[in-house]
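Results of the structural survey
The primary structure of each chain is shown beneath.
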Amino acid sequence: MRTEILLEPGSLAEAVDEATRCALAAGVLVPIETEQERIADAGVCFLLRVVASLRRKASGRPGGAGGQRRPADPFLPPEPELTVAEVSSRHLAVLNKFNVLERHLLIVTRAFEPQETLLSPGDLRALFACMAEYPSLGFYNGGTVAGASQAHKHLQLVPLPFEPDGPAFPMQPLMDAGTRGSVGRCPDLPFAHAFARLDQPVAAAPMEAAEQAGALYLELLTAVGIEGRGADGAVRQSAPYNLLVADDWMLVVPRAGEFFRGVSVNALGFAGSLFVKDRRQLEVIRAAGPMHILRTVAGSPREPT
């Protein structure tokens, strides 16, 4: 069944800002305070955010007004104060409760679907409908090893640029050199991945771009050795991976592990942005080098087949 898009074009940015104001006033949205650091490595100026308010996140886990404990699945249903908009007949846009970046959205399925099931054409249409609203980077953490913290399927969206000066995100110059045409690689990315460009930019034609993206997504998974396997009426991934989606390209990174010496890496790490709990973890990254960490958690490079 085709997923019907319900989001009114041009409405999302205002809806996000209004939901943010209300959720902050109600004490439901719990921003995580961070300090920014930069580490230059392999031609990329990586952006690191050192968390300064983990105790607030831990204390906020019961969630909701009045201190009522949230169910094990925070998206079934999501807290009303965090719910931004109906995106489609199958998806809602929800604020990330413990956000580091402003306007960090989660695109969640209304009914429970496992995070390890392959993305459907409807999932991509919902993501692209939101990405077309303002400059943004979409991503998906395919499984716990890829950095997913919830079992309920959710894609994510963060606004661009990450900082006012320089590239939209630290890894952008390397992505710009990515192959054109068929599924291929970005020559300067030293970790396992597959890359492909979209013929239609998301901002110009989101539904047309989503149609092409559905086929490219499966080709990208195949290129890094990941396939869909049927189980319990659903098609699940054969291995964990991260997906990054920009206005005119897609990148899939297979995952060999979630952690490097205690530092968790999710999809945004492959965009050049890493989050660490404290200064000790910052020094782990500084000593090892961010690109070495990405190469380690993604495995060795492999030419797409």
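Criteria and thresholds
- Residues numbered from 1 in each chain as written.
- Predicted model: local features only at pLDDT ≥ 70, side-chain atom pairs only at ≥ 80, totals over all residues.
- Heavy atoms only, no water.
- Salt bridge = Lys/Arg side-chain N within 4 Å of Asp/Glu carboxyl O.
- Helix = DSSP H or I, 4+ residues; strand = E, 2+ residues; numbered from the N terminus.
- Buried < 20%, exposed > 50% of the residue type's maximum accessible area, 1.4 Å probe, protein only.
- 1 Å grid on protein atoms, 1.4 Å probe; cavity = no way out; pocket = protein on both sides within 12 Å on 5 of 7 lines; lining within 4 Å.
- Points joined across faces, edges and corners; volume = space filled by probe spheres on them.
- Nonpolar A, V, L, I, M, F, W, Y, C, P; charged D, E, K, R; others polar.
- Pairing = 2+ DSSP bridges.

1. Remarks on the pattern of salt bridges
- In this structure the tally under the stated criterion is 15 salt bridges.
- Close ionic contact of Arg-279 with Glu-35 constitutes a salt bridge, the shortest N to O distance being 2.7 Å. One end of the pair, Arg-279, is in helix 6 (residues 279-288); the other, Glu-35, is in strand 1 (residues 34-41), with 244 residues separating them in the sequence.
- Arg-279 sits in the partly exposed class, given a relative accessible area of 38%.
- We note a salt bridge from Glu-227 to Arg-229, for which the minimum N-O separation is 3.2 Å.
- Exposure remark for Arg-229: the relative accessible area of 47% places this residue in the partly exposed category.
- Ionic contacts of the salt-bridge type, sharing partners, join the residues Arg-90, Glu-113, Asp-123 and Lys-153 into one network.

2. As for the layout of surface pockets
- There is about 260 Å³ of room inside the second largest pocket.
- As for the second largest pocket, its lining consists of 14 residues, of which Thr-20, Asn-99, Leu-101, Glu-102 and Arg-103 are closest to the centre.
- For the lining of the second largest pocket, the element with the most residues is helix 1 (residues 12-26), which contributes four residues.
- Taken together, the residues that form the lining of the second largest pocket break down as seven nonpolar, four polar and three charged.

3. Description of the pairing of strand 12 (residues 249-254)
- Burial within strand 12 is extensive, with six of its six residues counted as buried.
- Burial along strand 12 is two-sided: Trp-249, Leu-251 and Val-253 facing one way and Met-250, Val-252 and Pro-254 facing the other are all buried.
- For strand 8 (residues 194-197) and strand 12, the ladder comprises four bridges, and the chain directions are antiparallel. Paired with Ala-194 across the two strands is Val-252, which belongs to strand 12.
- Strand direction decides the pairing type here: strand 11 (residues 241-245) and strand 12, joined by five bridges, are antiparallel. Looking at the pairing, Leu-244 lines up with Leu-251 of strand 12.

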